[in-house]
Amino acid sequence: MQIRIASKDYEIVYRLNDSTAAKELYAQLPLTTAVKPFSNNEMTFYPPVKLSTENTPLSQGQTGSLSYYAPWSDVVLFYAPCPPNGSLYEIGKIITGVENINKLSGTITISPI
């Protein structure tokens, strides 16, 4: 499973893993939503329906990781590393566009490839 995250000017492609959370996100696509910066290392968006973390590996918070932060139910696009924690789950890894993650703003479209 691959997804494209696109804004007006930038595009990023991720390969999703075979986890429950990744499959549930993929099933909600296409999706148009707001993207917001958080801290100094990530951009986030909220899927319409919360994702299950059953059978979903913990994220190491590496640059290029697509993760799900369960307490806030948001999907996280890391453009710089983050310390791992027990509530952060990995749902995919970047294929192209890591240099564009921190440039996203406003509305994005997430679609299956």
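Please read all numbers here as calculations on a predicted model, not as lab measurements. (Residues numbered from 1 in each chain as written. Predicted model: local features only at pLDDT ≥ 70, side-chain atom pairs only at ≥ 80, totals over all residues. Heavy atoms only, no water.)

**Some points on unusual backbone geometry**
Reasoning step 1: The omega angle of the peptide bond from Leu-29 to Pro-30 is 0 degrees, so this bond is cis rather than trans.
Reasoning step 2: Secondary-structure assignment places Pro-30 in the loop between helix H1 (20-27) and strand E3 (31-38).
Reasoning step 3: With phi around 55 degrees, Asn-55 is a residue other than glycine that occupies positive phi space.
Reasoning step 4: Checked against the element boundaries, Asn-55 lands in the loop between strand E4 (42-45) and strand E5 (65-69).
Reasoning step 5: Positive phi is not limited to glycine here, since Ser-73 has a value of about 60 degrees.
Reasoning step 6: Structurally, Ser-73 is set in the loop between E5 and strand E6 (74-78).
Reasoning step 7: For Ser-73, a relative accessible area of 10% puts it in the buried group. (Helix = DSSP H or I, 4+ residues; strand = E, 2+ residues; numbered from the N terminus. Buried < 20%, exposed > 50% of the residue type's maximum accessible area, 1.4 Å probe, protein only.)

**Focus: the packing of aromatic side chains**
Reasoning step 1: Counted under the stated rule, the structure contains 2 aromatic pairs.
Reasoning step 2: When the centroid spacing of 5.3 Å and the interplanar angle of 80 degrees are considered together, the rings of Phe-38 and Trp-72 count as edge-to-face. Placement of Phe-38 in strand E3 and of Trp-72 in the loop between E5 and E6 is noted, with a sequence separation of 34 residues between them.
Reasoning step 3: Geometrically, the ring pair formed by Tyr-69 and Trp-72 is edge-to-face, given 5.2 Å between the ring centres and 80 degrees between the ring planes.
Reasoning step 4: Members of the aromatic cluster, connected to one another through ring pairs, are Phe-38, Tyr-69 and Trp-72. (Phe/Tyr/Trp six-rings, centres within 6.5 Å; stacked < 30°, edge-to-face > 60°.)

**Section: the environment of Thr-20**
Reasoning step 1: In this fold, Thr-20 is placed in helix H1.
Reasoning step 2: Among the residues examined, Thr-20 registers a relative accessible area of 22% and is labelled partly exposed.
Reasoning step 3: Separated by 35 residues in the primary sequence, Thr-20 and Asn-55 place their C-alpha atoms 5.9 Å from one another.
Reasoning step 4: When neighbours within four sequence positions are excluded, Thr-20 is seen to be in contact with Ser-52, Glu-54, Asn-55 and Thr-56. (Contact = heavy atoms within 4.5 Å.)

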